[in-house]
Amino acid sequence: MIGRLNHVAIAVPDLEAAATQYRDILGAKVGDPQDEPDHGVTVVFIELPNTKIELLYPLGEESPIAAFLERNPAGGIHHICYEVDDIIAARDRLKAQGARVLGNGEPKIGAHGKPVLFLHPKDFNGCLIELEQV
């Protein structure tokens, strides 16, 4: 059901410093900041030959990333994202097997302009999983 790894998301306390580190120290191709108000984040994508890194920074007072950074002030890995061909079929299959879909269970449009869903980390070995339809 899951396809390739789309990205690894890292919550960061300083978006500009993190982007600079990836660009200037690691030599990666770093995109521009992109506000995603529906998700409460500002993101920067880092392009790698085989996947992407998504830097996450809180946007607004209700941002889930703000709460994550309160518990992890230095930042850290927030989630991993896998691609799926049909997000509704994937959701229905996962729910039938007892997995919990976060939110209202309906896909939202993610940072790449494609439908996404998040799966409860307690159902997946402590890892928050994002599914993105490709």
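Residues numbered from 1 in each chain as written. Predicted model: local features only at pLDDT ≥ 70, side-chain atom pairs only at ≥ 80, totals over all residues. Heavy atoms only, no water.

Going by an unreviewed UniProt entry, the protein carries the name methylmalonyl-CoA epimerase and comes from Albidovulum inexpectatum. Under the Catalytic activity (unreviewed entry) heading, UniProt states for the protein: "(R)-methylmalonyl-CoA = (S)-methylmalonyl-CoA". UniProt lists a comment for the protein under the heading Sequence similarities (unreviewed entry), and it reads "Belongs to the methylmalonyl-CoA epimerase family." (UniProt positions renumbered as here; feature names shortened; annotations may be inferred.)

A word on the layout of surface pockets. Roughly 560 Å³ of volume is contained in the largest pocket. Along the wall of the largest pocket there are 29 residues; nearest its centre are His 39, Pro 64, His 78, Phe 118 and Leu 128. For the lining of the largest pocket, the secondary-structure elements that each account for two or more residues are strand S4 (41–47), strand S5 (52–58), helix H2 (64–71), strand S6 (76–84), strand S8 (115–119) and strand S9 (129–133). For the lining of the largest pocket, the class distribution of residues is 14 nonpolar, 9 polar and 6 charged. What lines the second largest pocket is Pro 64, Ala 67, Phe 68, Arg 71, Ile 77, His 78, His 79, Pro 121, Gly 126, Cys 127 and Leu 128. Those elements that place two or more of their residues in the lining of the second largest pocket are H2 and S6. The biggest single contributor to the lining of the second largest pocket is H2, with 4 residues. For the lining of the second largest pocket, a count of residues per class yields 7 nonpolar, 3 polar and 1 charged. (1 Å grid on protein atoms, 1.4 Å probe; cavity = no way out; pocket = protein on both sides within 12 Å on 5 of 7 lines; lining within 4 Å. Points joined across faces, edges and corners; volume = space filled by probe spheres on them. Helix = DSSP H or I, 4+ residues; strand = E, 2+ residues; numbered from the N terminus. Nonpolar A, V, L, I, M, F, W, Y, C, P; charged D, E, K, R; others polar.)

Further remarks concern the environment of Asn 125. Considering the arrangement of structural elements, one finds Asn 125 in the loop between S8 and S9. Here Asn 125 falls in the exposed class, since its relative accessible area comes to 84%. (Buried < 20%, exposed > 50% of the residue type's maximum accessible area, 1.4 Å probe, protein only.)

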